[in-house]
Amino acid sequence: MAKFVYGMQNILELKVKMEDQRKAEYGLANAKLREEEEKLKQLLIRKAGYEKRARDLVKGKIDVQKIKTCRHAVDAMKSAIRTQMMEIQVAEKNVELARGRLNHVMMERKTHEKLREKAFEEFKQDVAYEENREIDQLVSYSYHRGS
């Protein structure tokens, strides 16, 4: 019996490897985004802590130096939060780029898989045609031999 050999199998395998690589890149970009979001969360928590401390300092015995220091810390946290939000935007763009590259490679792989399936269907039709032709020849030979 004939064996199916897909001529572009090596290209299909390459597309699968490229897809795996793009999945890994997407996963890393997503992890980086989550990491940046966690950093922002921690900065917001620290800022809230400094703001609470500033409110507490104003309520009790007033120490101007501690209040100034605390306000500077709050301002520094605001600046760090703005910077971190920019980092998050960069990470989001990287995730979108990685997603786009992954989608592109996935479409290419699926296209090659469809081409392989189509070639396999044609192969099966060719095998069925050859089997039917051989059966017809055998029947014709048996019929003529019997006459």
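Our subject is the structure listed above.
Residues numbered from 1 in each chain as written. Predicted model: local features only at pLDDT ≥ 70, side-chain atom pairs only at ≥ 80, totals over all residues. Heavy atoms only, no water.

K.L.:
I'd like a rundown of the environment of Q42, residues and numbers included.
P.N.:
For Q42, the position within the fold is in helix α1 (residues 9-59). Sequence separation of Q42 and I81 is 39 residues, and the distance between their C-alpha atoms is 9.6 Å. Among the polar contacts made by the side chain of Q42, one reaches the side chain of E38 at a distance of 2.8 Å. (Helix = DSSP H or I, 4+ residues; strand = E, 2+ residues; numbered from the N terminus. Polar contact = N/O pair within 3.5 Å; in protein donor to acceptor, adjacent residues only side chain to side chain.)

K.L.:
Provide a residue-level description of the side chain of E19, including the pertinent values.
P.N.:
Mapped onto the elements, E19 comes out in helix α1. The class of E19 is buried, set by a relative accessible area of 5%. Excluding residues within four positions of it along the chain, E19 makes contact with L102, V105, M106 and R109. (Buried < 20%, exposed > 50% of the residue type's maximum accessible area, 1.4 Å probe, protein only. Contact = heavy atoms within 4.5 Å.)

K.L.:
Describe the packing of aromatic side chains, with residues and values.
P.N.:
In this structure the tally under the stated criterion is three aromatic pairs. The interplanar angle of 75° and the centroid separation of 5.0 Å between the aromatic rings of F4 and F120 together place this pair among those described as edge-to-face. Here F120 lies in helix α2 (residues 64-146) and F4 lies in the segment before α1, a separation of 116 residues in the sequence. A residue is classified by how much of its surface remains accessible, and F4, at 19% relative accessible area, is buried. (Phe/Tyr/Trp six-rings, centres within 6.5 Å; stacked < 30°, edge-to-face > 60°.)

K.L.:
Summarise the environment of V139; cite the residues concerned and give the values.
P.N.:
In this fold, V139 is placed in helix α2. Given a relative accessible area of 52%, V139 falls into the exposed group. Spatially, the C-alpha atom of V139 lies 46 Å from that of E108, the residues being 31 residues apart in sequence.

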